[in-house]
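The chain contents come next:
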Amino acid sequence: MIIKKSELIDGKNIKITGSKSISNRLLILGKLFGNIDMLNLSNSQDTTLLKKALESDSESIDIHHAGTAMRFLASYYSIFEGRKTILTGSDRMKNRPIKPLVDALQSLGADITYLEKEGFPPLQIIGKKLEKNLVKISANVSSQFLTSLILIGGKLENGLTLELEGEITSRPYLEMTLKILNEIGIRSHFAENRIEIVSHKNHIRTEHYEVESDWSSASYFYSLCAIGRKSITLKSYHTLSLQGDSVIKEIYLKYFGINTVSDYAENSISLLPEPAFEYPELITLDMNDCPDIAQTLCVTATALKIPFVITGLHTLKVKETDRLVALQNELLKIGAKTHITVDKIESCEFIEPEENISIATYNDHRMAMAFAPFALVKELNIEKEDVVEKSYPEFWEDFAEVTNQ
Ligand SMILES: O=C(O)C1=C[C@@H](OP(=O)(O)O)[C@@H](O)[C@H](O)C1
Ligand SMILES: C=C(OP(=O)(O)O)C(=O)O
């Protein structure tokens, strides 16, 4: 899809769908502990697929590209007594890691078999009662493995204790899980490398839950605002958020002069660019806590020609695509030569963008959405633009609403 060179229109209002991460946790918890009446549930494809899976009786469950769904369901089906499930996904999913989680579940007594490649989906899971309650798991590959176990922890007879090994990656997602547990009345304790989830025999406390809107999706509007220097209002957000990606407001304030102002009555935030803001000479940032907004930041910095060194990105290679390689290839087209290592991307030189820019999206929604704001600098083609549906199906309509295309 060609996006013409555009300008940002001042003062537009956008309502973004609910957080995919919060929605997916609540769907699993609701199924395990009692109905939760959710408002502003995410309408992302990932959440829809998870919801359908949880409502389905069929043996084969295909969750396509949805990483959280794959990881959360592996534990969920492991304790679903008497159910046999073949849990599969897209070709990419069959190459995203799951072994640390499967090892942990098997050590608790789960009956899981790899059906193709050892260590990867598809999985055959025969649900049974798990008798043990202590598990060791590596915490530096994906926090989703930890969340998956924590979500079922309260359902086990004696609760569940996790001993985390290695440095915790994507830590705010782990904290989000524990906070949601706390909100609905399931007790847990987290100190040093040990997480204890108390067995929860009762129905959950919360019946209504309003999901805050998705902060990773909000990042694309911060990028538009930083490049276009006009204001945008986004709903439904609070400055206090369960989502680690809400750190975008601090990052964009510090490096791009974007103020975030809350309107509590309206449940909205306004993104207000500081006039005559002096951009920094270099952006240095560790994004281990917020890997999903790394692509957004790299494109904003390239559009504004601000050199950057972003570290903490070792998980990017096992996301929807190898995001470090994808970023390096596509940033070059919009004018940034970069250097990548296993966990870092840094700009080396800014050059003229290509004449006819065509951004490949690698089956990765965030590649499409992160590069779209570059249209404020120059016309560009976004290939296979439908990929956005994974997390943000109305992205293109909302993008058109705030730009003058
Ligand atoms: O738990 C979650 O909802 C998520 C955790 C993160 O994954 P990793 O822990 O694998 O980095 C994040 O990238 C993903 O989009 C959503
Ligand atoms: C990494 C992501 O999702 P998942 O791991 O759930 O597929 C994402 O949404 O950027």
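Every value quoted in this text rests on a predicted model; they were computed, and no experiment measured them.

Caption draft 1: Quick peek at the environment of Val198. Checked against the element boundaries, Val198 lands in the loop between strand E11 (194–197) and strand E12 (208–210). For Val198, a relative accessible area of 35% corresponds to the partly exposed category. The spacing of Val198 and Lys235 is 37 residues in sequence and 35 Å in space, taken between C-alpha atoms. Beyond its immediate chain neighbours, meaning those up to four positions away, Val198 contacts Gly154, Gly159, Ile186 and Arg187.

Caption draft 2: Seen up close, the domain arrangement of the chain. You can read the domains of the chain as domain 1 (2–15 + 213–402) and domain 2 (20–209). In this structure, domain 1 and domain 2 have C-alpha centres spaced 29 Å apart. Both sides together, the interface formed by domain 1 and domain 2 hides about 2,100 Å², and carbon and sulfur atoms give 44% of it. It is Leu242, Val318 and Lys390 in domain 1 that bury the most area against domain 2; as a group they hold 33% of the surface buried on that side. On inspection of domain 1 and its partner domain 2, the count reaches one salt bridge. The partner of Lys390 in a salt bridge is Asp46, with the nearest N and O atoms 2.8 Å apart. Where domain 1 packs against domain 2, one counts 17 residue pairs in polar contact (both at pLDDT 80 or more). Of the residues that constitute the side of domain 1 that touches domain 2, the class distribution is four nonpolar, 10 polar and 13 charged.

Caption draft 3: Representation of a negative patch on the surface. Side chains of Glu167, Asp286, Asp289 and Asp343 sit close together on the surface and give a patch of like negative charge. Structurally, Asp286 is set in strand E16 (residues 283–286).

Caption draft 4: Main features of the site of ligand 1. By nearness alone, every residue bordering ligand 1 is listed as Ser21, Arg25, Thr68, Ser142, Ser143, Gln144, Ser170, Tyr173, Asp292 and Lys319. One of the side-chain N or O atoms of Ser21 is found 2.7 Å from an oxygen atom in ligand 1. Taking Asp292, its side chain carries an N or O atom lying 2.5 Å from an oxygen atom of ligand 1. If ligand 1 stood free it would expose 390 Å²; the protein chains cover 94% of that surface. Of all the secondary-structure elements, those providing two or more residues to the shell around ligand 1 are helix H1 (20–33) and helix H5 (143–153). Taken together, the residues of the shell around ligand 1 break down into one nonpolar, six polar and three charged.

Caption draft 5: A look at the pairing of strand E18 (residues 336–340). Going residue by residue along E18, you find Ala336, Thr338 and Ile340 tucked away on one face and Lys337 and His339 left uncovered on the opposite face. Sheet topology places E18 next to strand E19 (residues 345–350); five bridges connect them, and they run antiparallel. Along E19, the bridge assignment pairs Lys337 with Glu349. Between E18 and E19, which follow one another and run antiparallel, lie four residues.

Caption draft 6: Structural context of the sheet that holds strand E2 (residues 12–15). Ordered in space as E2-E13-E15-E14, the four strands form an open sheet in which the pairing is mixed. Lying at the two open borders of the sheet, with one neighbouring strand each, are E2 and strand E14 (258–263). Each neighbouring strand pair of the sheet contributes to a mean axis angle of 25°, computed without reference to strand direction. Helix H12 (residues 395–402) rests against E2 and strand E13 (232–235) of the sheet, and its axis sits at about 170° to E2.

Caption draft 7: Representation of the site of ligand 2 within the structure. Ligand 2 sits among 13 residues. The nearest are Lys20, Gly67, Arg96, Arg366 and Lys390. Glu320 has a polar side-chain atom sitting 3.2 Å from an oxygen atom of ligand 2. For ligand 2, whose free accessible area comes to 290 Å², the fraction covered by protein is 98%. Only helix H3 (67–78) and helix H11 (365–371) provide two or more residues apiece to the shell around ligand 2.

Caption draft 8: Region of the structure containing helix H8 (residues 248–256). What H8 keeps buried is the set Ile248, Lys249, Ile251, Tyr252, Tyr255 and Phe256. Viewed along the axis of H8, the buried residues span an arc of 165°, placing them on a single side of the element. Lining the buried residues of H8 we find helix H7 (215–228), E14, E16 and helix H9 (294–303).

Caption draft 9: Just the packing of aromatic side chains, in detail. Tallied over the entire structure, the rule returns 14 aromatic pairs. Centroid distance Trp215 to Tyr237: 4.9 Å. Interplanar angle 65°. Geometry classified as edge-to-face. Taken together, the residues span a long stretch of sequence, with Trp215 in helix H7 and Tyr237 in the loop between E13 and H8 at a distance of 22 residues. Judged by centre distance (4.6 Å) and plane angle (55°), the rings of Tyr252 and Phe256 are tilted. Pair noted here: Tyr252 and Phe256 are both in helix H8, with a separation of four residues, about one helical turn. Its relative accessible area of 0% is what places Tyr252 among the buried residues. Classification of Phe256 by relative accessible area gives buried; the value is 0%.

Caption draft 10: Broad picture of H12. By the burial criterion, the buried members of H12 are Phe395, Trp396, Asp398, Phe399 and Val402. Buried positions in H12, seen along its axis, are confined to an arc of 160° and lie on one side of it. Buried residues along H12 sit against strand E1 (2–3), E2, H7, E13, H11 and strand E21 (380–382).

Quick notes on the rules
Residues numbered from 1 in each chain as written. Chains lettered and ligands numbered in written order. Predicted model: local features only at pLDDT ≥ 70, side-chain atom pairs only at ≥ 80, totals over all residues. Heavy atoms only, no water. Helix = DSSP H or I, 4+ residues; strand = E, 2+ residues; numbered from the N terminus. Buried < 20%, exposed > 50% of the residue type's maximum accessible area, 1.4 Å probe, protein only. Contact = heavy atoms within 4.5 Å. Domains from an automatic or database assignment. Buried area = accessible area lost by both parts, 1.4 Å probe. Salt bridge = Lys/Arg side-chain N within 4 Å of Asp/Glu carboxyl O. Polar contact = N/O pair within 3.5 Å; in protein donor to acceptor, adjacent residues only side chain to side chain. Nonpolar A, V, L, I, M, F, W, Y, C, P; charged D, E, K, R; others polar. Patch = residues over 30% accessible without salt bridge, like charges linked within 9 Å, V, L, I, M, F, W, Y side chains within 5 Å. Areas by Shrake-Rupley, 256 points an atom, 1.4 Å probe, with all protein chains shown as cover. Lys, Arg positive; Asp, Glu negative; His and termini not counted. Charge placed at Lys NZ, Arg CZ, Asp CG, Glu CD. Near = heavy atom within 4 Å. Pairing = 2+ DSSP bridges. Axes fitted to C-alpha atoms, helices over the stretch in contact; angles between N-to-C directions. Arc of directions from axis to C-beta. Phe/Tyr/Trp six-rings, centres within 6.5 Å; stacked < 30°, edge-to-face > 60°.

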